[in-house]
Amino acid sequence: MKRIQYENYGGPEVMRIADFNLPTPGKGEVGVRVKFAAINPIDWKLRAGQMKIVTGKAFPRAMGMDFSGTVISVGPGVTRLKVGDPVFGLARFKESGAFGQAVITKEAFLAHKPEDVSFEDAACLGTPGITAWNGLIDKAKLQADQHVFVIGCAGAVGEAAVQIALMHGAVVSGSCSANDIPRAKSLGVQTVYDYRNTQVSSITTRFDVVYDTAATLPVSTGVAMLRAGGVFLDLNPDLGKFIRAIFDRRLKPIIGSPRADILDKLAKAASERIFRIPVGKTVSLIDAIQLIGELEKGQKLGGKAVIEME
C-alpha cells in the first residue's frame with residue numbers, strides 16, 4: 001500500500017509517497033481502507049516537528065488525521081465495528097496515517113458513516129467537529145440562549161463551532177473575512193464582523209463564550225470580551241496558558257480529544273443535514289503533496305482540501 005510519509009521533521013520538501021505494510025490491529029484497534037482523507041493544519045504542524053515531544057524521533061512517520069473508509073480488520077476487544085462497516089473518524093495522534101490507502105486507529109476514534117452522508121463529506125467531519133465540541137460542550141458547558149462569539153467563523157473549526165452552538169440553542173456572532181461573510185450568515189451567524197475592518201476589542205457586546213478558532217487572539221482581548229462567568233476558548237495553547245488556566249477559570253486551552261460518543265453525535269447531525277463541513281477541492285494521492293504545501297503557504301479554498309485514494 002502507499003501513503004505520504006517523511007524521514008525527518010521539516011518543511012514540505014520532506015514529504016514522499018512511499019510503500020508500507022499495514023500492521024495487524026492491536027487491542028481496541030481497527031484497520032480501515034481509506035477512501036477519502038481531509039487535510040488539516042495539524043498535519044503539517046506535526047510534520048514540522050512542532051509537537052515532537054509527543055510524536056518522538058522514530059521515522060519514517062506517516063501523515064494525516066481525518067478520513068473515511070471501510071473497516072478491513074479488527075483487533076481484540078473491538079465490539080462496535082466489524083469488517084465491512086463504512087466509517088469515518090481520526091487516526092491516532094502520534095502515528096497519524098490517514099494520507100494513505102489504509103490506516104490503523106482506535107475503535108474509539110471512529111463512528112459509523114451514515115448511509116446518506118458521502119464518504120467525501122464524512123472525511124471532513126472529524127478534527128473540526130471534535131475540536132469545536134471539546135471547546136463548546138466539554139469545556140464551556142454551553143447552554144441554550146447563551147451568546148457565543150466565534151473568531152474565524154468561516155474556517156473549518158469555526159464553521160463546526162457555529163453549527164454545534166446553534167444545535168444547542170445558542171446565539172452566535174463572529175468574525176471572518178469580508179468574502180466569507182455571506183457564507184457565515186447562511187450558517188446562522190447573527191452578526192458577522194470583517195476582521196480586517198473591525199478590531200474585536202472594540203465590540204461593546206459581551207459574550208458567554210468566545211472561541212478563537214483562528215488561534216490569533218491574545219488571551220487578554222478574549223477575556224475582556226466576556227460577560228461575568230464567561231469562558232474564553234483558546235486553540236493555541238502553550239505551557240504558560242495551561243498554568244494561567246489553573247488560576248483563571250475564564251481561560252480554557254483546547255486540545256482535541258476524540259471520543260466515539262462525540263463522533264456518533266456528529267454523524268447523526270450530518271445525517272439530519274444540520275452539520276456539514278464543505279469540500280473546497282479534491283485531489284488524488286499523487287497530487288496531495290503539492291496541495292499540502294500550497295495550503296501551508298496560506299492558500300484558501302473556501303472549504304476542506306480532500307485526498308481521494310485510488
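Residues numbered from 1 in each chain as written. Predicted model: local features only at pLDDT ≥ 70, side-chain atom pairs only at ≥ 80, totals over all residues. Heavy atoms only, no water.

*Asks:* Give me the lowdown on the overall build of the protein chain, citing residues and values where you can.
*Replies:* On a plain count of helices and strands, the protein chain comes out with 10 helices and 16 strands. Along the first, second and third principal axes, the C-alpha atoms of the protein chain reach 55 × 40 × 40 Å. Within the span of the protein chain, comprising 310 residues, buried residues form 53% of the whole. The contacts of the protein chain with a sequence gap of at least 6 include a subset with a gap of at least 24, amounting to 68%. Working note: accessible area of the protein chain is about 13,800 Å², and carbon and sulfur atoms make up 52% of it. For the protein chain, the centre of its 38 positive side-chain charges and the centre of its 31 negative side-chain charges are spaced 5 Å apart. (Helix = DSSP H or I, 4+ residues; strand = E, 2+ residues; numbered from the N terminus. Buried < 20%, exposed > 50% of the residue type's maximum accessible area, 1.4 Å probe, protein only. Contact = heavy atoms within 4.5 Å. Areas by Shrake-Rupley, 256 points an atom, 1.4 Å probe, with all protein chains shown as cover. Lys, Arg positive; Asp, Glu negative; His and termini not counted. Charge placed at Lys NZ, Arg CZ, Asp CG, Glu CD.)

*Asks:* Break down the sheet that holds strand S2 (residues 15–19) for me, citing the residues and quoting the values.
*Replies:* On the basis of which strands lie adjacent, the open sheet formed by three strands has the order S2-S1-S4 and antiparallel pairing. Each of the sheet's edge strands pairs with one partner strand only, and the pair in question is S2 and strand S4 (61–62). Pairing geometry for strand S1 (residues 2–6) and S2, over five bridges, is antiparallel. Its bridge partner being in S2, Lys2 is matched across the sheet by Asp19. Against the sheet, helix H10 (residues 285–296) makes contact with S1 and S2, and its axis sits at roughly 160° relative to S2, the strand it touches most. (Pairing = 2+ DSSP bridges. Axes fitted to C-alpha atoms, helices over the stretch in contact; angles between N-to-C directions.)

*Asks:* So what's going on with the pattern of salt bridges? Residues and values would help.
*Replies:* Taken as a whole and judged by the stated rule, the model has 17 salt bridges. With a shortest N-O distance of 2.9 Å, Asp208 and Arg227 are connected by a salt bridge. Here the residue Asp208 occupies a position in strand S12 (residues 207–212), and Arg227 occupies one in strand S13 (residues 226–234), the gap between them amounting to 19 residues. Each of the salt bridges in this network shares a partner with another, and the network as a whole consists of Asp138, Arg259, Asp261 and Lys265. (Salt bridge = Lys/Arg side-chain N within 4 Å of Asp/Glu carboxyl O.)

*Asks:* Lay out the environment of Phe232 in plain terms, naming residues and giving numbers.
*Replies:* Looking at the element boundaries, Phe232 is found in strand S13. Accessibility expressed as a relative area gives 0% for Phe232, which makes it buried. C-alpha of Phe232 to C-alpha of Gly222: the two residues are 10 residues apart in sequence and 5.9 Å apart in space. Residues contacting Phe232, with those up to four places away along its chain left out, are Val210, Asp212, Leu217, Pro218, Val219, Gly222, Val223, Leu226, Arg250, Leu251 and Lys252.

*Asks:* Before we move on, can you summarise the environment of Met309 with the specific residues and values?
*Replies:* Within the secondary structure layout, Met309 lies in the segment after strand S16 (304–308). Note on Met309: relative accessible area 8%, which makes it buried. Beyond its immediate sequence surroundings of up to four residues, Met309 is in contact with Val34, Lys35, Ala37, Ala98, Phe99, Gly100, Gln101 and Leu285.

*Asks:* Before we move on, can you summarise the nonpolar core with the specific residues and values?
*Replies:* Residues Leu136, Leu142, Val148, Cys153, Ile164, Leu233 and Phe275 are the most contacted members of the largest nonpolar core, which totals 48 residues. Sorting elements by how many residues they give to this core places helix H9 (residues 260–271) first, with six residues. Apart from the residues lying within four places of it in its own chain, the contact partners of Leu136 are Lys141, Leu142, Val148, Ala161, Ile164, Ala165, Val209, Tyr211 and Leu233. (Core = buried A, V, L, I, M, F, W, Y, C linked by side-chain atoms within 4.5 Å.)

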